[in-house]
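Letter by letter, the chains look like this.
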Amino acid sequence: SPTWKSPDGHTYNTATWEYVSDTLGDANNDGVFTMEDVEHILRYFSGWSNVDSLPDNADVDKDGRVTRRDAMILARHLAGWEGYEVLPYEG
C-alpha cells in the first residue's frame, strides 16, 4: 500500500491510515524496538496471538522476509551482543 510521511515525521499507510514505524525492528509499530517486538515476531510465527501480519521494518536482517531469525537478531542486539547491530530502516 502507498505510504506517506506527515509533517511531524511519522509514516502512515494510506489504505488503512495506520501508523507505520520508521524504526527497523519495530514489529508492533510503537516507534521503538524492545523485547516486546521480539515477542511480537515470535507470537506471529507461533500463532499464540491475533498478530495477522508483520510490518516490513520487522525484517531486521533485510533479506526480504520476516522470520524467526529476525527475532533472534533483535533479541541479541537488545542484549548487547557484538555483531548484532540493527541497521537503519530504509523503507
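Quick summary incoming for the structure in this document.

Rules behind the numbers
- Residues numbered from 1 in each chain as written.
- Predicted model: local features only at pLDDT ≥ 70, side-chain atom pairs only at ≥ 80, totals over all residues.
- Heavy atoms only, no water.
- Salt bridge = Lys/Arg side-chain N within 4 Å of Asp/Glu carboxyl O.
- Helix = DSSP H or I, 4+ residues; strand = E, 2+ residues; numbered from the N terminus.
- Buried < 20%, exposed > 50% of the residue type's maximum accessible area, 1.4 Å probe, protein only.
- Arc of directions from axis to C-beta.
- Contact = heavy atoms within 4.5 Å.
- Lys, Arg positive; Asp, Glu negative; His and termini not counted.

**What about the pattern of salt bridges?**
Taken as a whole, this structure holds three salt bridges when the rule is applied. The residue Glu 39 makes a salt bridge to Arg 43 at a minimum N-O spacing of 3.9 Å. Separated by four residues within a single helix, Glu 39 and Arg 43 lie in helix H1 (residues 35–46), roughly one turn from each other. Residue classification places Arg 43 among the partly exposed positions, given a relative accessible area of 39%. Arg 65 is the salt-bridge partner of Asp 63, the closest N and O atoms lying 3.2 Å from each other.

**Describing helix H2 (residues 68–78)**
Residues Asp 70, Ala 71, Ile 73 and Leu 74 constitute the buried set of H2. What you see down the axis of H2 is that its buried residues fit within an arc of 165°, all on one side. On the buried face of H2, the contacting elements are H1. One or two positions beyond H2, positive phi appears at Gly 80, with a value near 85°.

**Quick notes on the environment of Leu 42**
Within the fold, Leu 42 resides in helix H1. On a C-alpha basis, the gap between Leu 42 and Met 72 in space is 9.4 Å, while along the polypeptide they are 30 residues apart.

**With respect to the side chain of Asp 37**
Here Asp 37 shows up in helix H1. Arg 43 provides the closest opposite charge to the buried, unpaired Asp 37, separated from it by 10 Å. Setting aside chain neighbours within four positions, we find Asp 37 in contact with Gly 25, Asp 26, Ala 27, Asn 28, Asp 30, Val 32 and Leu 74.

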